[in-house]
Each structure stands twice: as C-alpha cells, then as structure tokens.
Protein chains: 2
Amino acid sequence: MLEKYISAAKRDKQSDLVLKNATYLDVFTATLKKGDIAVVGEKIVGVGEYRGATEIDCTGLTVLPGYIDGHVHIESSQLSPEEFASLIVPRGTTTIIADPHEITNVCGMAGCEYIAKASQSVPLDVKIQLPSCVPATPFETSGAILNGKDIAENIVKDYIFGLGEFMNYPGVINCDPDVIQKLEAAHSAGKVIDGHAPAVYGYDLNAYLCGGISTDHECVLKEEIEEKISKGVYVHIRHGSSTQNLGNAKYITDGNMRRFILCTDDRHAADLKEKGHLDDALRKLVANGLDPVRAVICATLNCAECYGLKWHGAIAPFYLADLVVVDNLKNFNAKYVVKSGKLVAKDGKPLFDTSVRYLPASVLNTVHLKEMQASDFILRLKGKKAKAMTIEPGGVVTGCEIVEVDSRNGDAQVKGTDILKLCVVERHKMTGNIGKALFKGYGFKGGALGITIAHDSHNIILMGDDNESMAKAANKLKEIGGGMVIVDSNSGEIHSLTLDIAGLMSSRDAESLQRDSRALIERAHSMGVKREYEAFMSLAFLSLAVIPKLKVTDAGLFDVETFSFTDINA
Amino acid sequence: MLEKYISAAKRDKQSDLVLKNATYLDVFTATLKKGDIAVVGEKIVGVGEYRGATEIDCTGLTVLPGYIDGHVHIESSQLSPEEFASLIVPRGTTTIIADPHEITNVCGMAGCEYIAKASQSVPLDVKIQLPSCVPATPFETSGAILNGKDIAENIVKDYIFGLGEFMNYPGVINCDPDVIQKLEAAHSAGKVIDGHAPAVYGYDLNAYLCGGISTDHECVLKEEIEEKISKGVYVHIRHGSSTQNLGNAKYITDGNMRRFILCTDDRHAADLKEKGHLDDALRKLVANGLDPVRAVICATLNCAECYGLKWHGAIAPFYLADLVVVDNLKNFNAKYVVKSGKLVAKDGKPLFDTSVRYLPASVLNTVHLKEMQASDFILRLKGKKAKAMTIEPGGVVTGCEIVEVDSRNGDAQVKGTDILKLCVVERHKMTGNIGKALFKGYGFKGGALGITIAHDSHNIILMGDDNESMAKAANKLKEIGGGMVIVDSNSGEIHSLTLDIAGLMSSRDAESLQRDSRALIERAHSMGVKREYEAFMSLAFLSLAVIPKLKVTDAGLFDVETFSFTDINA
C-alpha cells in the first residue's frame, strides 16, 4: 500500500489528483507557499511539480487543510447526518467531533450507532463522542439512561472516539461514584474526554480537570480562558447559531496559540445553508481582526492535535488529503473540497449523492404515548394565585411571575388571557407523566402548539389555551412520529411538520424541510406568537432544568434556583 | 482512583507532595507563573495554595516539566540502563525515547527486551523504539537480523513504543519490499516511526515521508530544517557527544516553534557525568541566545506532542508529576527531580537504589568465537603495494592510501612501520569470518588493541603489529565476554576492560568504569596511539560500511564510494 504513495511522491508514477499551481497554507511554519499538491488514494504524497490523472488548476486560489469541527451536535440542525454533510462539506469541513447527546437521550446507544452508521455514506469524517450525561438531569424521564456501567461497556467500542462533553461538572468535583466510573472507563480506554464547565475556576477547575478532561467550549471571559489554557485545557472558539464566543480569539498569543480550536456546537440548518459552517467562523474571525493563517490553524492542525487525529490537519506528505480550495483568506468561499483524496464539492455544491438515508427502525417512531384525552390537561389550582413562567426573547433563562388565574370545574381557565397552559408529556416510556405549568406572554391564542424537541430529554412540550387542542396536538405528534404541530381550535385544522428521526431530525432535504418549517412557524405567529420568539424552538428549552429560573419537566414544575420541584400554587 | 486526585485538587484532602512557593513554567502559555504545585500519587493535581504530607520549599527556584529525550541509544554511554538513569535522572530527564539499535544488532529481540526490563527498576520512563535496521548494512555479519516479518511480529508488542530511526532511506525511497513491510507493520500498529535522512530533500524527501515517518535528528542546514518542518517532520535539536546540532535552534520561529524537540542520540558516560544530559543542552541553547522558555518547551511539551505522550510535558492538573526544580533558567542546575510524583534526585544525586542490575543470560557472554591462532591473521598480498585505511582525527570518515608493505612467508610484515593490521573478526555466529585490512598512521606499536564495539554489527575490531598478539587479544575478548583489550608483546601482559552486556556496556557503576577505562586508554597512548585519536572508540567506526571511504567488515574490505567489496592489493 505504501509503494503507491512513495512511487508517486518521487514522480515515478502519476498521481491520482493534482491541485496545480496552488498557493497553500503550510500550518507547520504558519506561512503560505506555492506548489502543486499531489494526491494518491486518500493521501497527500507531496508538494512540488506534479502531474495527475485529474488536475485542478488552482491559480489564484488558496488551498487549506479541511476544517475540523471540534464539537458539534448534528441534531441541532434538525437534519440527518447525510443532509448535514451535504451542507457542511461543500463549505470546507471534512471532519467533525460529533456528540450525539440529543438523539441518545431519546434512543440510547441506538442513537449513537445511528449517527455513526448514517455518516458512513458521506464524505465526512464523523468521530463519535459517547454522550456522557444521559439524561442531563435526574429531574425528568429520558428515553435512555447511560450510567457508569453503560459508559464503561460502550466507551471501548471501536466506533466510539471519546467521551462527550462532561456537563455534570458538579458530579466530577463532588466525586459522584457514577461519574467517576464514567471518567475512569474513558481514561482506561485511552479516549479523549470533552469538557463543559462554564465559569468553573480555581480549585474547582483543578478538581474538574483531574477527571482527565481536556477541552472546554463554554469559555467566554479573558480570565477564564487564560486560566483554562494554563491548566492544559484546549479552548474552543464556538460559532453556534445562538451560542457564540468568537471573541475568544482576542486572547490568542504567540505562546498559547496551539491551544485554541474551532467548533460550532449547535447550528441550525438555516444558518448552515445561508451563512455557512466553519467557513463562516473563519470569515468572521478574520473580519474581527484575527490573522487568517492563525484562524485556519485553529480550525485544522490545532484541532487535530487536540483530538489526537494523526495525519490530519496539514498539507504535507502522508497527511490525509482533506483539502479545501478557497478564493481567498478573507471570504473563504470554497471553490473545491477534497475529502480523502476525492473531489466531493465544487462551488459550494456537493458532488456526492445526497439522497441516501440510513433509517433504522431504532430511531423511527419514537413517540410512545397512550391516546391523550382533553381531561389529561386539567390543571387544578388551590386558589387564584399561581406561578407562571416567562421568558426574555432571545434567551433561554426563564422568569417566574405570580399571576391570577380563574378556575372552573377544577381546571384553570386561560382562554382569552395572556396566560397559556404549558405541559411536558413524557413520550419515551409510557409513564403517563405530565408536568403542568403556566406561561405568560407568549401571545399564542386559539389552540395548541407542540414539539418533540425538549432539551435534553426530548419529551413533548405543549402550549395551548384549551385542553382539547392540547390532547389533539399530542396525539398528532404521536401519529407522525415526532415533530412540530399546531392545532387551530377555530378551524379545527391541524398542521404539522414531521421530524421522523427520534422526533428531533428530519430525513428530508434541508430545503424542503426549511420551507415547510418556515410556513409552520409563520402560522404560529399568525396565531399570535410574538415575533420576538422563535415560535417552536423557544419552547424547546423550557424543560431544561439546569438553566434558571423556573422550568417544567414531565415530573413537574422545577425551581432551578433551589434545585427542587416547586408547587405551582403561589 | 480519580477520587484521590479530585479530592486533593479541591483541597478536601492533603496532597502527598507539594512544591511550595514555586515559580513554574506554564508551557501552554509560555510564561512563568507562581504557586504551590500539588502532587498526589503520580499526578499533578493542581497549582494554587496547597499543603502536602511532604513539602519542598521552592522559593527562589524554578520548576519545569521533566525533560524528554526524543532519541537516544543508551548503549553509547557504555552503561547499563540502570546506571544510565542514575546519571540522567538527577539532571532532570524523566522520559527517553530509547532506540536499542546497538544491542539488538548483537542480541536480537533479547536486546530490546533487556533494555525494557532493566529500565523498570529506575525512575525513568523508557519508551522502546524497535530498531528498524538490523543489521544496518548487508555487508557484514550481525548477531541478529530483523526482517520485515520480524518487525511485523514485534512492533505490535505492548512494550514496543514505535519503530526506531529508519536509516535505510534508500530502501524507503526505492520501495524495497522488506522495508515496506516494516513500515506498514508499524503504521498498522499505529506506532510512531522515527526518521534518519541526512540531506534528503525534495521529491526523495516526499517519498521518504510517505513511509509514514515523522521525525528527523540529522538536520543541520537551514534549508533542510525548513523543508523538513514544512513537510510535517519534527526536527530534533541534538546534543550528542560527537554529533551536535544545537545550532538548529536558530531556525525556530513563532510559526514553527512547536515542531522542534530535543535529543542526545549518542552521549558518552564521561559527558553525562561531567557535563550533563538535556540540562547541558538547555544550558548551551540558552547561552547561544535561545529564549529559555522556548528551549524548555522543546524539551518537554513539544516532545510529548511529537510522540503522543498524553499527560506528559506540562505542569497542569492530571499531568504526570515529572518535575525538575532548577536554580534558574541559565544554569539549569537541578536541585530536585520528581518522577511520577516521587522525589528521586536531590542536588544532582540520585535518591534511588543505583546498585540494582537486571542481567539476563541472553545479553551476557556474547562473544562466540573459536580459539584464534596467530595464523588466522596472516595477510597475503599479491605484491608490495596495498590499500591502507587512514582516518582524520575526530572524524569517522576514512581515507585510502596506497602503501608499500613487505611480505615474508606469505604474510604482510608491518612491525616497525607506520602501518598496522586491522582485522574484523566475526563474533556472533562462529562463521570464522575475518575481514583483513591495513591501517596507516595510528601510531600504536608492540602488540594489539581490540574492542567488541564495532558499528553497527559489533564484531571484534583488532589492530596490531603481530599475529600472535592479535590472536591473544581476540581470545581475551572471548574470555571476558566482550570489552576492550591491549596485548603488550614486549611484556607479554594483557590488559582489558570488560563490557559484559553484549560486549557494548558494562554492568558496573560509571565512576569505576571510567577510571579503568581511562587507565586502559592511557596505556594505549603510552604504546604509541596518537593523542588525537580516541584509542579504542576511533576503532569502533572503522567497520561502519555506510560512511566513506574505505571500511572493513568481517566480510572484507569495503569501498563505500562504489558500495562494493574491494581488493586490498593496489
């Protein structure tokens, strides 16, 4: 096998593919150089003057190593891994460190396996991090639980690259035995452990890192970044749809340069399609003043080093031929993308079959629910005063407001008021659990809204002003196998969008999905949802019982500040 | 296991060892910082304010990560691995990448195993590189042959860290099938392959690197260093006894900084004892103007990254507690050395038992020879004119001079001339091979000199002016199991120094060995060996048939320029 590389390297044989007349980034010296880049099979064999069976003229263009996304949840795009790849590969990303945390909360290890297998048909290296915190909190019913024993069993598998972001940082710092078992298993297997420790400093940070954790994508403050890097942490520069910390690049110095890497974490399909992926991060980093050579090194060699991806992230002999040819180091428009030696995208369009879908039964029909009745949504209050959740537009932190609500026949009456019922219906294990709450100020009127994306356990979140519509919405979500729904009590119509994969992602193409998604969102706004909210996705975080202040899970109303369930009666 | 680190990190429990009031090097930001360094078991758990069961006050001192030697042949010290460690650990070296090329040429895999096992009793991480080129040339008889199949069988073993310097670069470039098998085996096993490719450039270098080779310690020229780094090679800055390229540090830039590492390759016991190991390299690099912080990073983090030594090479939570406490970053005098959390040296003296020796039968009594007779050394010449080797003092390149030699009874007569007989006697497989040559200008008179170190196959090299003495010398070397010998034909005395381990190294302590070694060398000089030669060690390279011009192996006189055996008759 090596002979074919060696003989082409010394020009005894023609190469398979040559990027002619390239200006290319030498990440090892941080300089731009010129030459023909010769590729044989999946490897670069050399730079010099080469001839190839296929030649691409790169005069005036710049060749970079393929970008590596250091931390991403594919599920946040609501797209299948195949469709996700069809959007990001043409942008220049050739490797991702994927943490299938969301789908694993729904489907367990079958979710991990699905992401791994579905990714095999696309020209994208998908390194699977075993989700470390499933469920994310003990205050809700998830589709799966991965305890220490489960992690130990699975971390050793060949297709598992490492252990996903260890969000349960109090568990690490307090030596929770189950947490310790998880960390020790990953450590014994010699696998990298990703971190997630927002605003953890000092001795707590020392303790957290003694779990063998080596990255963090939650840093934003100078002192936090500097402390973490100093303690051996690779710090992600994140370019998600809502969470961004591109500003971290301000703290890059000559001395700490090699410890910054790029990631996207959570990025919506619309952003991927319209703005881009890591190419967009690079564009913005450079626009913000970061040296483009440094920016690219963060997205390539640094990330390869962080994750021990040998022969990745550089343009040199024997390195994987993952290459992106851009117009320049300002716009980063990808003219060509080469993955493992194959030309896989041109002018932003994929050259690979984007219609393939791997769809195992294990990730389909994941809404497990008995037929819901209007009576299931009766909310009994002791008196008139009750706690209602509120939310600031654009955020995920909720508030708590004491509101007055009338009751009739032992059921809170919200129709015609600015208050809605907000229920979380367990959808994994047929427990019949319904957590009930009130929400003020969303604006929606005349029916119900529902969604099967509800962080991180992904039960059904329903919001509505009558019980009948809420039951219909739940039943519709069951019928379609997950997704988003609107029940219009005036017309009797039900409108829905299917997210057939675990109730989180669609097997459809991004374009038609977005078109239908936009229509459904528009319908929600037309039924009163204030424009400052994201209609469905603002609901999806109302069950995340680790972010203040008042949340609701299938187990009930939860006060994040006291970290305990709370009575709705005020 | 992790609990003990975590609980100490957050100060719930006392640490085992604390370096108090330290100034320490943060290699991740390339800055000096202050704090107490807390150690539990073999790990650093944090820097801050800590208390420990043992505390060492480091006020006014500087703590660095333990040094890593990226490439070294222990055998060149003529010391056992245990004694070698007793010299280098107190200097601050805590990890070495050891290539037991010499002993493996004598003992085969038993040599590798010996180095690995002998190293287990000393506080030094010894990572064993499987020697890739045994024998180094096909023009001699070595004690062992490791062909592609042997490499494939052994590279997968747990105690084998990687594949040693691939000196046979023509074999790589020309796709020699046996070479390819070796490289593919190492590559499949996911193990690092060290390089050795002096003055290999351009397409040849591309081809060589397509063998999956990732380091080089033979660079000296700016353009060679720059090209190699640009092509993904980690470049060693070498501080051997004779081969040095500390000047490489001149070519360090902000951009390529992470690709330079330190090594010693071949370093004699006297230098280790009197000058030092990597501490001496650091001292000289800094004296030559290299920023001391950069120098230390090359000797620590960079080397750890190059060899994939996770959790090595830095002072940060969860990193291995390999630490050296120095007086300052100019003198690098090691006051304390901590290896895997244990204080192992103080004020340059080892605190561990230096008397232990692992001495398996497989590396002892390695001189296999029939009883030699004076007649074995008869040298028949066709006429008066013959080729004689010469050597420039201080070098290993030999010359060829046509000399006139009388013969009597069919044997060349050299006594009383400036010419000596130089014979290489095969000592591994009882082949009876004797390669015969003439040498001019060494100065020795009145007997014979012999040594069982003869690069790289380590047969016996003998030099003398009478056949009787040469036979006695060979027989003495057999009797003592290898080493160095002087036969004085005037007094009839035989003086020797035993190198009991493979005929290359002594199981004695460095001090008494050096004392006796110096006495023997002095005796050789008193018998005429010119002072500009190293008496015995200058002989040891006269059989190295890859360095010009004229060499002699057990198979005969070899012309390196034509790469073929040559007739002694001129």
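Look above for the structure.
My aim in this report is to walk through the structure given alongside it, one point at a time.

Each value, and the rule that gives it
- Residues numbered from 1 in each chain as written.
- Chains lettered and ligands numbered in written order.
- Predicted model: local features only at pLDDT ≥ 70, side-chain atom pairs only at ≥ 80, totals over all residues.
- Heavy atoms only, no water.
- Helix = DSSP H or I, 4+ residues; strand = E, 2+ residues; numbered from the N terminus.
- Buried < 20%, exposed > 50% of the residue type's maximum accessible area, 1.4 Å probe, protein only.
- Contact = heavy atoms within 4.5 Å.
- Areas by Shrake-Rupley, 256 points an atom, 1.4 Å probe, with all protein chains shown as cover.
- Lys, Arg positive; Asp, Glu negative; His and termini not counted.
- Charge placed at Lys NZ, Arg CZ, Asp CG, Glu CD.
- Buried area = accessible area lost by both parts, 1.4 Å probe.
- Salt bridge = Lys/Arg side-chain N within 4 Å of Asp/Glu carboxyl O.
- Polar contact = N/O pair within 3.5 Å; in protein donor to acceptor, adjacent residues only side chain to side chain.
- Expected span 1.5 Å × (residues − 1).
- Least-squares fit on C-alpha atoms with pLDDT ≥ 70 in both.
- Pairing = 2+ DSSP bridges.
- Axes fitted to C-alpha atoms, helices over the stretch in contact; angles between N-to-C directions.
- Arc of directions from axis to C-beta.
- Phe/Tyr/Trp six-rings, centres within 6.5 Å; stacked < 30°, edge-to-face > 60°.
- Lys NZ or Arg CZ within 6 Å of the ring centre and 35° of its normal.

**Some details on the overall build of chain A**
The helix and strand inventory of chain A stands at 15 helices and 30 strands. The principal-axis extent of the C-alpha atoms belonging to chain A is close to 90 × 55 × 45 Å. By residue count, 65% of the 570 residues in chain A fall in the buried class. Nonlocal contacts in chain A, meaning residues at least 24 apart in sequence, comprise 68% of its contacts between residues at least 6 apart. Roughly 19000 Å² of accessible area belongs to chain A as shown, and the carbon and sulfur atoms make up 49% of that amount. Computing the positive centroid from 62 side-chain charges and the negative centroid from 73, chain A places the two 2 Å apart.

**A look at the interface of chain A and chain B**
Between chain A and chain B, the contact holds 64 residues from the first and 64 residues from the second. When the two sides are added together, the surface that chain A and chain B hide from each other amounts to roughly 4800 Å², 59% of it contributed by carbon and sulfur. It is Tyr203(A), Cys210(A) and Arg258(A) in chain A that bury the most area against chain B; as a group they hold 16% of the surface buried on that side. At the boundary of chain A and chain B, one finds four salt bridges. If you look at where chain A meets chain B, you find 22 residue pairs in polar contact (both at pLDDT 80 or more).

**Some points on the pattern of salt bridges**
One pass over the structure, following the stated rule, counts 72 salt bridges over all chains. Between Asp280(B) and Lys284(B) there is a salt bridge, and its shortest N-O distance comes to 2.9 Å. Taken together, the residues Asp280(B) and Lys284(B), both in helix α11 (residues 278-287) and four residues apart, mark about one turn of the helix. Relative accessible area serves as the criterion here: at 4%, Asp280(B) is assigned to the buried category. Taking relative accessible area as the criterion, Lys284(B) reaches 32% and is therefore assigned partly exposed. Put simply, Arg531(B) and Glu522(B) hold a salt bridge, and the shortest N to O gap is 2.6 Å. A relative accessible area of 55% means that Arg531(B) is categorised as exposed. Residue class for Glu522(B) comes out partly exposed when judged on its relative accessible area of 38%. Through salt bridges that share partners, Arg91(A), Arg267(A), Asp279(A), Asp280(A), Arg283(A) and Lys284(A) make up one connected network.

**A short note on the side chain of His495(A)**
Residue and element names in this part refer to chain A. Of note, His495 is situated in strand β27 (residues 494-498). Look at His495 and you get buried, because its relative accessible area is 16%. A distance of 2.9 Å separates polar atoms of two side chains, one belonging to His495 and the other to Glu493.

**Re helix α14 (residues 467-480) of chain B**
Residues and elements named next belong to chain B. In this model, α14 (14 residues) spans 20 Å end to end at C-alpha, consistent with the 20 Å of a helix rising 1.5 Å per residue. Counting buried positions along α14 yields ten of 14 residues, so the element is predominantly enclosed. Asn467, Ser469, Met470, Ala471, Ala473, Ala474, Asn475, Lys476, Leu477 and Ile480 are the residues of α14 that are buried. Buried positions along α14 lie against β21 (411-413), β22 (419-425), β24 (447-451), β25 (460-464), β26 (483-488) and β27 (494-498). In this structure Asp466 caps α14, since a side-chain oxygen of it lies 3.2 Å from the backbone nitrogen of Glu468. Downstream of α14 by a residue or two, Gly481 has a phi angle that is positive, lying close to 80°.

**Points about the relation of the copies chain A and chain B**
The two copies are related by a screw operation: chain A maps onto chain B through 180° of rotation and 0.0 Å of translation along the axis, at an RMSD of 0.0 Å. On this basis, the relationship between the two copies can be described by a two-fold rotation axis. Relative to the rotation axis, the C-alpha of Asp254(A) is the closest in chain A, positioned 3.2 Å from it. The residues that chain A uses at the interface reappear at the interface of chain B in 100% of cases, marking a shared surface.

**A few points about the sheet that holds strand β10 (residues 192-195) of chain B**
Residues and elements named next belong to chain B. The parallel open sheet is built from five strands, whose spatial order is β6-β7-β8-β9-β10. The sheet is open, and its two edges are formed by β6 (67-72) and β10, each paired on a single side. Neighbour-to-neighbour, the strand axes of the sheet open up by a mean angle of 30°, direction not taken into account. Across four bridges, strand β7 (residues 93-98) lies against strand β8 (residues 125-130) in parallel orientation. What sits directly across from Ile96, in β8, is Val126.

**Structural notes on helix α5 (residues 148-155) of chain B**
Residues and elements named next belong to chain B. For α5, the set of buried residues is Gly148, Ile151, Asn154 and Ile155. Projected down its long axis, α5 carries its buried residues within an arc of 135°, all on one side. Where the residues of α5 are buried, they touch α4 (109-118), β8, β9 (160-166) and α7 (177-188). The N-terminus of α5 is capped by Asn147, whose side-chain oxygen sits 3.1 Å from the backbone nitrogen of Lys149.

**Observations regarding the sheet that holds strand β29 (residues 556-559) of chain B**
Residue and element names in this part refer to chain B. Reading across from one edge, β28-β29-β30 is the order of the three strands in this open sheet, with antiparallel pairing throughout. Edge positions in the sheet fall to β28 (550-553) and β30 (564-565), since each has one partner strand and no second. When β29 meets β30, the two strands line up antiparallel, connected through two bridges. Residue pairing in the sheet places Phe558 in a bridge with Phe565 of β30.

**A word on the packing of aromatic side chains**
The geometry of an aromatic ring pair comes down to the distance between the two centres and the angle between the two planes. Summed over the entire model, instances satisfying the criterion amount to 28 aromatic pairs over all chains. An angle of 90° between the planes, with centres 5.6 Å apart, marks the rings of Phe439(B) and Tyr442(B) as edge-to-face. The two residues Phe439(B) and Tyr442(B) agree in class, both being buried. Three or more aromatic residues joined by ring pairs form one cluster here, namely Tyr5(A), Phe28(A), Trp311(A), Phe318(A) and Tyr319(A). Taking the ring centre of Tyr234(A) as reference, the NZ or CZ of Arg259(A) above it sits at 3.8 Å. The ring of Phe318(B) carries Lys43(B) above its face, with NZ or CZ at 3.6 Å from the centroid.

**Thoughts on unusual backbone geometry**
Here the bond from His455(A) into Asp456(A) is cis, since omega is -10°, no more than 30 degrees from zero. With respect to the secondary-structure elements, Asp456(A) resides in the loop between β24 (447-451) and β25 (460-464). Omega for the bond connecting Pro548(B) with Lys549(B) falls within 30 degrees of zero, at 5°, which places this linkage in the cis form. In this structure, Gln78(B) takes a positive phi of about 60° despite not being glycine. Relative to the helices and strands, Gln78(B) resides in the loop between β6 and α2 (81-88). Non-glycine residue Met430(B) carries a positive phi angle of around 55°. Inspection of the secondary structure puts Met430(B) in the loop between β22 and β23 (434-440). Of the residues examined, Met430(B) reaches a relative accessible area of 52% and is grouped as exposed.

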